[in-house]
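Structural overview
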Amino acid sequence: LPGPNDLGAWWMPFTANRAFRRKPRLVSGAEGMHYRTPDGRSVLDGISGLWCCNAGHGREPIVRAIRAQAGELDYAPPFQFGHPAAFALAGRLAALAPGDLDRVFLCNSGSEAVDTALKIALAYWQARGEGRRTRLIGRERGYHGVGFGGIAVGGIGANRRAFGPGLPGIDHLPHTYDRAQQAFTVGEPDWGGHLADALERIVELHDASTIAAVIVEPMAGSTGVLPPPKGYLERLRALCDRHGLLLIFDEVITGFGRLGHAFAAERYGVVPDMITFAKAVNSGTVPMGGVIVREPVHAALMQGPEHAVELFHGYTYSGHPLACAAALATLDLYRDEDLFARARALEPAFGQAVMSLRGLPGILDIRTVGLAAAIDLAPRPDAPGLRAFTIMDRAFEAGLVVRAAGDTLALTPPLIVREDQIGEIVDRLEPVIRATS
Ligand code: PMP
């Protein structure tokens, strides 16, 4: 292993900000709710890996399924072969998805899923003879991964600026939280109106017949756990219907129980035209992402000329047997242990526990929904993000993994978390926050 100040030859996910370029913490094992370090410490995982290990770490049925699949069929080229695990998984996902979202495309990450969904939207309009519809609408503070499509529709300027002009024809809706007011806008009666106005203005400016799709996270996750204001997603659906736009929910974070349901679409009672997923589909064990599309969207794509070669999209590892087997075992675990209902049942206790941190120095705001929480810290003007980053670092020393994003801390424990472990998370975090104010 590299020494404490030596990164070895491994190029970490990169950032140009020197303050955040630190030695990585080393972990060498994981089980259930905990990581193990090479020096034998046990560290409580407060963020499910990276919002992905929803069933906890090292779950035996998943490990067994991966092993068995590796022994049976290690790989099958998706452009030539199908295999039982891929078909079974697609069927399970279609059954979990709401409405007539019945067709499943498999890939390897959230970023690939988002780029795939955006490409499907454009291809759909081409197939329908409306190739003018190429514009895309995202949302400020939306995060959709790091592909070129994802950073374009994503609402984080810093993720785009270093990478040239990016994609043309993108607009962003306003975000759903007003930090200047330090107040949650959820439930404010005029919020739905504000959103509607914004979308109407974009449509007026560009003409609806040039717009392909709107993509949002039903609950913005990594940019600060921002649940939709009441009525927001319904209004968005109605507006998309009125103007004939496709609506894409990016459920890479919200999928598979984080909000107490298979998908947030179910929690909020709104059916989009496409759902992107990744992360928790197989509890973080083998890279996998995908898109679930409504049957009419799929049908339009498939109605091209008989020997069409124009429409091509797919990955070498689409529907990888190991990822599929892991996902099937994970979905079984979610069902057998009723983990989505467990998340729903734990939501009030989790919310209350995290909210108890509210009075601590330097905390601006706390939001929780499902088993996700965000703690906004007062930014240091000279070093934005540094306080949260330092807390992340020190929490690890105190035996807890939290996540820092900007000046916000995230807590998203595995759905197997016990109530006493929720208490442990808060108890370990509190002194670290106090000491870092
Ligand atoms: N979409 C959303 C909503 C995400 O939260 C993420 C990852 N945090 C992505 C897409 C990208 O996923 P990946 O890192 O697997 O490419």
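Residues numbered from 1 in each chain as written. Predicted model: local features only at pLDDT ≥ 70, side-chain atom pairs only at ≥ 80, totals over all residues.

**Side note on the confidence of the model for the chain**
Rules: Values of pLDDT, which run from 0 to 100, indicate the predictor's confidence residue by residue. A residue pair is marked as a contact if its C-beta atoms, positioned from the backbone, fall within 7 Å.
Overall, the predicted model of the chain reaches an average pLDDT of 90, with 89% of residues at or above 70. Across residues 181-190, where pLDDT falls below 50, the model places 16 contacts with residues more than four positions away in sequence or in other chains. Predicted as a complex, the structure gets a pTM of 0.94 and an ipTM equal to 0.99.

**A few points about the site of the ligand**
Applied cut-off: For each residue, a C-beta atom is placed from the backbone, and the residue is labelled near a molecule or strand when this atom is within 6 Å of it. We count a stretch as a helix when DSSP gives it H or I for four or more residues in a row; a strand needs E for two or more, and each element gets its number in order from the N terminus. Asp, Glu, Lys and Arg are counted as charged, while Ala, Val, Leu, Ile, Met, Phe, Trp, Tyr, Cys and Pro are counted as nonpolar; the rest, among them Gly, fall into the polar class.
Lining the immediate surroundings of the ligand are 14 residues, of which Ser109, Gly110, Ser111, Gly145 and Val252 lie closest. Top contributing element to the shell around the ligand by residue count: helix α4 (residues 110-127), with three residues. Counted by class, the shell around the ligand contains five nonpolar, seven polar and two charged residues.

**Comments concerning the environment of Gly154**
Convention followed: Partly exposed residues are those falling between the two cut-offs: more than 12 but fewer than 20 other C-beta atoms within 10 Å of their own, whereas 20 or more means buried and 12 or fewer means exposed, with C-beta atoms placed from the backbone.
Tracing the sequence through the fold places Gly154 in the loop between α5 (148-153) and β6 (170-173). Exposure remark for Gly154: the 27 C-beta atoms within 10 Å place this residue in the buried category. Residues Gly154 and Val216, 62 residues apart in the sequence, show an inter-C-alpha distance of 8.8 Å. If we ignore the near neighbours within four places in the chain, the residues touching Gly154 are Gly138, Gly142, Tyr143, His144 and Asn159.

**Digging into the sheet that holds strand β2 (residues 34-36)**
Within a beta sheet, neighbouring strands are joined by backbone hydrogen bonds and run either parallel or antiparallel to one another. This is how it is decided: DSSP bridges decide pairing: two strands pair if at least two such bridges lie between them. Only the stretch in contact is used when fitting a helix axis, every axis being a line fitted to C-alpha atoms; angles between N-to-C directions are given from 0 to 180 degrees.
Taken together, four strands build an open sheet; the order of strands is β1-β2-β3-β15 and the sheet is mixed. Strands at the two margins of the open sheet, each flanked by one partner only, are β1 (29-31) and β15 (400-401). In the packing of helix α13 (residues 419-435) onto the sheet, the strands contacted are β3 (42-45) and β15, and the crossing angle to β3 comes to about 105°.

**Side note on the nonpolar core**
Note the threshold: As used here, a nonpolar core is made of buried Ala, Val, Leu, Ile, Met, Phe, Trp, Tyr and Cys residues. They are joined through C-beta atoms within 7 Å. Domain delimitation in this document rests on an assignment produced automatically or drawn from a domain database.
In this structure, Val214, Leu246, Ile248, Met274, Val402 and Leu409 are the most contacted members of the largest nonpolar core, which totals 128 residues. Broken down by element, this core gets its largest block of residues, eleven residues, from helix α10 (residues 321-336). Structurally, this core is a two-domain feature, drawing no fewer than three residues from each of domain 1 (18-55 + 338-435) and domain 2 (62-336). Once residues lying within four places of it in the same chain are set aside, the contact partners of Met274 are Ala117, Ile120, Leu246, Ile248, Val291, Ile292, Val293 and Val297.

**Looking at the sheet that holds strand β5 (residues 135-139)**
A sheet is described by the order of its strands in space; here seven strands give the open sequence β4-β12-β11-β10-β9-β5-β6, paired in mixed fashion. Two strands bound the open sheet, and with one partner strand each, they are β4 (101-107) and β6. Here the strands of the sheet are splayed against their neighbours by 20° on average, with no regard to which way each runs. Both β5 and strand β9 (residues 211-216) contribute to a ladder of three bridges, which runs parallel. Bridging from a neighbouring strand, Arg135 pairs with Ile211 of β9. Relative to the sheet, α4 contacts β4, β5, β9, β10 (246-250), β11 (274-277) and β12 (289-294), its axis offset from that of β12 by approximately 30°.

**Some points on the packing of helix α12 (residues 386-397) against α13**
Inclusion rule: The cut-offs work like this: below 35 degrees is roughly parallel, past 145 is roughly antiparallel, 65 to 115 is roughly perpendicular, and the gaps in between are oblique. Left-handed describes a crossing in which the near helix is turned anticlockwise from the far one by less than a right angle; the clockwise case is right-handed.
Close contact between α12 and α13 brings their axes to 9 Å; oriented N to C, the two are set at 130°. In terms of orientation, α12 and α13 fall into the oblique class. Every pair of crossing elements has a handedness; the one defined by α12 and α13 is right-handed. Residues Ile391, Arg394 and Ala395 of α12 form the contact with α13, whose own contacting residues are Arg428, Leu429, Val432 and Ile433.

**Comments concerning the domain arrangement of the chain**
Partitioning the chain into domains gives domain 1 (18-55 + 338-435) and domain 2 (62-336). Computed from C-alpha coordinates alone, the two centres of domain 1 and domain 2 are separated by 26 Å. Taken together, the 27 residues of domain 1 in the interface contact 24 residues of domain 2. Looking at the side of domain 1 that touches domain 2, its residues break down into 16 nonpolar, six polar and five charged.

**Remarks on α4**
This is how it is decided: Helices are assigned an expected span. That span is 1.5 Å times one less than the residue count.
Between its first and last C-alpha atoms α4 spans 25 Å; for 18 residues at 1.5 Å apiece the expected length is 26 Å, and the two agree. Taken across its 18 residues, α4 has 14 buried, putting it largely inside the fold. One or two positions beyond α4, positive phi appears at Gly129, with a value near 75°.

**Considerations on the environment of Leu409**
Among the structural elements, Leu409 can be located in strand β17 (residues 408-411). Owing to 30 C-beta atoms within 10 Å, Leu409 belongs among the buried residues under this scheme. Here the alpha-carbon distance between Leu409 and Asp376, two residues 33 residues apart in the chain, equals 6.5 Å. Apart from the residues within four sequence positions on either side, Leu409 is in contact with Ala374, Ile375, Leu377, Ala388, Ile391, Val402, Arg403 and Ala404.

**Some points on the pairing of strand β14 (residues 372-377)**
Along any regular strand the residues' side chains alternate between the sheet's two faces. Counting buried positions along β14 gives six out of six residues, so the element sits mostly inside the fold. The side-chain alternation of β14 yields two buried faces, one formed by Ala372, Ala374 and Asp376 and the other by Ala373, Ile375 and Leu377. Between the end of strand β13 (residues 363-369) and the start of β14, which pair antiparallel, lie two residues, with Gly370 showing a positive phi angle near 55°. Sheet analysis places β14 next to β17, joined by four bridges and oriented antiparallel. Within β17, the residue paired with Ile375 across the bridge is Leu409.

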